[in-house]
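Take a look at the letters that make up each chain.
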Amino acid sequence: MSLLPIRTVLPVTIAAMTIAVASVDNANARSKFEKGEVKAIAEEAFIYGFPMVMNYGVYYESFIDTASSQYKAPFNQLYNTARVYTPADTAVVTPNSDTPYSFIGMDLRAEPIVICNPDIEKSRYFSVQLIDMYTFNYGYMGTRTTGNAAHCALIAGPRWKGKVPKTISTVFRSETDFSLGLIRTQLFNAADIDNVKKIQAGYRALPLSQFEGRAAKARAAAVKWPKIDKELGAKDPFAYLNFLLSYAPATGPAAVEAPMRARFAKIGIAAGKPFDVTKLTADQKEELEAGIKSGMEKIKAKIDNLGGVENGWRIASNAFGDRAMYAGDYARRAAAAMAGIYGNDAVEALYPMLATDSEGKKPDTGVSNYALTFPAGMLPPAKAFWSVTMYDGKTQLLINNPINRYLINSPMLPDLKKNADGSLTLLLQKDSPGPDKQANWLPAPNGPAYIVMRIYWPEASALNGSWKPPAVQIVKAEPPAAPAPAEPATPTDASQAAPAKADAANPEPAKSEPAKSEAATPEAAKSEPDKAEPAAAQPATPDPAKDQPQKQQ
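Residues numbered from 1 in each chain as written. Predicted model: local features only at pLDDT ≥ 70, side-chain atom pairs only at ≥ 80, totals over all residues. Heavy atoms only, no water.

## As for the overall build of the chain
Within the chain one finds 13 helices and 22 strands. For the chain, the accessible surface area stands at approximately 24,400 Å², while carbon and sulfur atoms represent 53% of it. (Helix = DSSP H or I, 4+ residues; strand = E, 2+ residues; numbered from the N terminus. Areas by Shrake-Rupley, 256 points an atom, 1.4 Å probe, with all protein chains shown as cover.)

## Observations concerning the packing of aromatic side chains
Inspection of the entire model under this criterion finds 29 aromatic pairs. On the numbers, 6.2 Å between centres and 25° between planes, the contact of Tyr 56 with Trp 225 is stacked. You can see Tyr 56 sitting in helix α2 (residues 37-64) and its partner Trp 225 sitting in the loop between α4 (208-211) and α5 (230-235), a full 169 residues away along the chain. Given the relative accessible area of 1%, Tyr 56 is considered buried. (Phe/Tyr/Trp six-rings, centres within 6.5 Å; stacked < 30°, edge-to-face > 60°. Buried < 20%, exposed > 50% of the residue type's maximum accessible area, 1.4 Å probe, protein only.)

## Describing the state of the cysteines
Such a bond, covalent and formed between the sulfur atoms of two cysteines, is termed a disulfide. What the rule picks out here adds up to one disulfide. Cys 116 shares a disulfide with Cys 152; S-S distance 2.0 Å. Since a negative S-S torsion denotes a left-handed disulfide, the Cys 116-Cys 152 link at about 110° is right-handed. With a gap of 36 residues between them, Cys 116 in strand β4 (residues 113-117) and Cys 152 in strand β7 (residues 151-156) connect regions that are remote in the sequence. (Disulfide = S-S within 2.5 Å.)

## Points about the pairing of strand β17 (residues 382-392)
Pairing analysis gives nine bridges linking β17 to strand β21 (residues 449-458), with the strands arranged antiparallel. Bridging across to β21, Tyr 391 finds its partner in Tyr 450. Relative to strand β18 (residues 407-409), β17 runs antiparallel, the two sharing three bridges. Looking across to β18, one finds that Thr 389 is bridged to Leu 407. (Pairing = 2+ DSSP bridges.)

## Some words on the side chain of Arg 333
With respect to the secondary-structure elements, Arg 333 resides in helix α10 (residues 330-340). Of the side chains with opposite charge, Glu 257 lies nearest to the buried Arg 333, which makes no salt bridge, at 5.4 Å. Within the local environment of Arg 333, its side chain forms a polar contact with the backbone oxygen of Tyr 134, the two atoms lying 2.9 Å apart. If we skip the residues at most four places from it in the chain, Arg 333 touches Tyr 48, Pro 51, Met 52, Tyr 134, Thr 135, Phe 136 and Tyr 326. (Lys, Arg positive; Asp, Glu negative; His and termini not counted. Salt bridge = Lys/Arg side-chain N within 4 Å of Asp/Glu carboxyl O. Polar contact = N/O pair within 3.5 Å; in protein donor to acceptor, adjacent residues only side chain to side chain. Contact = heavy atoms within 4.5 Å.)

## So, the nonpolar core
If you look at the biggest cluster of nonpolar residues, it comprises 82 residues, and the most contacted ones within it are Tyr 48, Tyr 56, Tyr 59, Phe 238, Ile 269 and Leu 288. In terms of residues, this core owes the most to one element, α2, which gives 17 residues. Core analysis: the next-biggest nonpolar cluster, separate from the first, contains 29 residues, Tyr 370, Leu 407, Leu 428 and Trp 467 among them. (Core = buried A, V, L, I, M, F, W, Y, C linked by side-chain atoms within 4.5 Å.)

## Concerning the sheet that holds β4
With mixed pairing, the four strands of this open sheet are ordered in space as β8-β7-β4-β10. Of all the strands in the sheet, just β8 (170-173) and β10 (204-207) have a single pairing partner and so form its edges. Averaged over all pairs of adjacent strands, the angle between their axes in this sheet comes to 25°, without regard to strand direction. Note that β7 and β8 share four bridges and pair parallel. Looking at the pairing, Leu 154 lines up with Val 171 of β8. (Axes fitted to C-alpha atoms, helices over the stretch in contact; angles between N-to-C directions.)

## As for the sheet that holds strand β3 (residues 101-107)
Spatial strand order, β2-β3-β9-β5-β6: five strands in an open sheet with antiparallel pairing. Unpaired on one side and paired on the other, β2 (79-80) and β6 (137-142) mark the two borders of the sheet. In terms of strand pairing, β2 meets β3 through two bridges, oriented antiparallel. Residue pairing across strands places Asn 80 opposite Ser 102, the latter belonging to β3.

## Some words on α2
If you look at α2, its biggest bend is around 40°, right at Gly 49, and the proline Pro 51 turns up within four residues after that. Burial of α2 is extensive: 24 of the 28 residues sit out of reach of the surface. (Bend = angle between axes of the 7 residues up to and from the residue.)

## Overview of the pattern of salt bridges
On inspection of all chains with the given rule, the structure shows 19 salt bridges. Between Arg 144 and Glu 348 there is a salt bridge, with the nearest N and O atoms lying 2.4 Å from each other. Linking Arg 144 in the loop between β6 and β7 with Glu 348 in the loop between α10 and β14 (349-350), this pair joins segments that are 204 residues apart in sequence. In this structure Arg 144 comes out as partly exposed when scored by relative accessible area, which is 26%.

## A few points about the environment of Arg 323
Relative to the helices and strands, Arg 323 is located in helix α9 (residues 323-326). Taking C-alpha positions, Arg 323 is 9.3 Å from Thr 135, a pair spaced 188 residues apart along the chain. Arg 323 has contacts with Tyr 134, Phe 136, Glu 175, Pro 253, Ala 254, Val 256, Glu 257 and Tyr 330, leaving out every residue within four places of it along the chain. Polar side-chain contacts of Arg 323 include one of 3.1 Å to the side chain of Glu 257.

## Brief notes about the environment of Arg 333
Arg 333 sits in the buried class, given a relative accessible area of 1%. In this structure the C-alpha to C-alpha distance between Arg 333 and Tyr 134, which are 199 residues apart in sequence, comes to 8.9 Å.

## Section: α10
Burial runs high along α10: eleven of the eleven residues are buried. In the stretch just after α10, Tyr 342 is the one whose phi turns positive, near 70°.

## Observations regarding the packing of α2 against α10
One can describe the packing of α2 onto α10 by two numbers: an axis separation of 8 Å at closest approach and a directional angle of 35°. Remark: the crossing between α2 and α10 carries left-handed chirality. Between α2 and α10, the residues in contact are Ile 47, Tyr 48, Phe 50, Pro 51, Met 52 and Met 54 and Tyr 330, Ala 331, Arg 333, Ala 334, Ala 337 and Met 338, respectively. A breakdown of the residues in the contact of α2 with α10 according to their chemical character gives eleven nonpolar, no polar and one charged. (Left-handed = near helix turned anticlockwise from the far one by under 90°. Nonpolar A, V, L, I, M, F, W, Y, C, P; charged D, E, K, R; others polar.)

## A short note on the packing of α2 against helix α6 (residues 237-245)
Contact geometry for α2 and α6: axes closest at 9 Å, N-to-C directions at 70°. By the angle class used here, α2 and α6 are roughly perpendicular. The element α2 and its partner α6 pack so that their crossing is left-handed. Facing Ala 42, Ala 45, Phe 46, Tyr 48, Gly 49, Met 52, Val 53 and Tyr 56 of α2, the residues of α6 in contact are Pro 237, Phe 238, Tyr 240, Leu 241, Phe 243, Leu 244 and Leu 245. (Parallel < 35°, antiparallel > 145°, perpendicular 65-115°, else oblique.)

Interpretation note: all reported values are geometric properties and have no functional meaning in isolation.
Printed below as a string of structure tokens:
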């Protein structure tokens with residue numbers, strides 16, 4: 001899922017960092033730091049905390065703020081979305097519209113959560129992605145890892161020291177007290193939605209005590225959740241980080257952060273502590289603001305270096321993963337979150353993102369029409385399925401369009417029209433190409449476009465780079481045809497049949513209409529007209545307000 005609950009990049013400001021008072025003493029503040037030290041620490045802390053604050057924005061909208069349009073369920077209660085994502089879903093940017101989601105926000109402080117999947121037919125892909133508050137992917141269940149047979153796994157927090165039941169063989173350990181579980185269930189077509197609903201009804205997420213049929217030994221203390229939105233997150237990034245660090249202890253694998261957190265503490269960034277800039281000198285405040293600004297700039301710059309570029313597509317095989325994969329590169333973790341938080345590990349799903357078209361320009365479907373042609377036998381190599389999804393380039397959200405189509409994916413192949421040579425051309429443009437080409441049309445915004453390819457359970461050829469996505473071509477209009485040659489006027493009587501010789505040498509040209517210009521079309525235009533788009537190719541999109549949380553058994 002490529003999120004900003006705060007949906008745009010956090011603006012840089014410290015004008016209203018007013019949550020309580022830091023422990024920095026104004027009397028010795030000038031002597032406490034060397035010149036440039038506050039800036040360096042602020043930059044490092046901003047980059048480190050950026051994805052964590054973003055993640056908290058999702059938590060707040062999804063599991064805490066019951067008044068939010070994006071609210072799903074309280075913590076430790078599974079919520080099924082029996083539909084695919086639409087433009088109405090705005091909590092997370094670049095949402096996947098291929099698979100209906102199930103969500104579980106987990107409070108692991110008192111005891112573990114047990115997640116179980118039912119038996120699922122082998123032809124259907126599903127995955128359970130486990131993400132901690134750092135935005136590390138720390139575990140997977142599903143088709144690729146544990147298989148499609150019925151299975152249960154225990155998810156424990158960093159402080160749990162209990163005994164794992166003998167009936168559970170798979171255990172995952174979250175580094176943070178709160179965690180997120182994202183379940184993706186493949187939907188083949190609109191007629192398949194009832195089958196997905198049955199599978200979703202079989203998912204379970206229960207506290208360990210409930211799974212074992214016994215009373216819980218203790219309850220975790222209530223949390224006073226600070227409200228967050230775009231403006232608040234921009235004003236107080238370090239205040240939110242201090243709050244979040246209370247639930248992210250520097251123990252276990254996170255112990256490597258201890259020296260870094262000690263540096264943060266020098267400017268008042270510490271677990272559970274209040275944060276305010278009023279105890280800093282004017283010069284130190286300027287450095288703090290400069291550090292936040294430079295941190296943001298470094299995150300943006302890092303996005304442009306996530307993976308390599310092939311034919312205009314940026315392919316990052318190391319953008320998402322666990323702590324070991326990032327190896328202390330917090331800028332890469334922040335850039336990955338900005339590009340599309342909650343992305344899968346590359347072995348689970350690969351995400352080529354279009355950076356430029358075949359002419360090296362950023363795609364703008366308000367100005368140009370585009371064609372993406374896969375040569376015969378060169379479709380994205382996936383063991384599960386692939387898709388190409390269109391987003392608004394300004395918001396990274398799905399766009400409204402007259403046919404309610406947000407992507408084209410491999411389950412739609414039987415209804416797509418191939419070219420005479422066996423290749424497949426997708427038409428990426430804001431206006432309909434006409435009924436004969438509509439099957440291959442992916443509606444685009446009237447402006448900058450953000451296009452993401454997804455390859456679920458990619459083949460080795462996708463991971464090692466031997467397969468490359470084709471360049472996106474600009475569809476250029478043909479120049480107007482030259483006027484047709486003039487024909488002499490036909491005589492209407494005998495006197496006109498024998499004109500003077502001088503006139504015969506220069507006959508009056510007949511007036512003709514210039515030939516109408518037609519846009520150049522991909523090879524698909526050479527085949528027979530497309531079939532009408534079948535209803536089966538369109539995912540079901542009921543009202544989000546009708547989605548209901550699954551009741552726990």
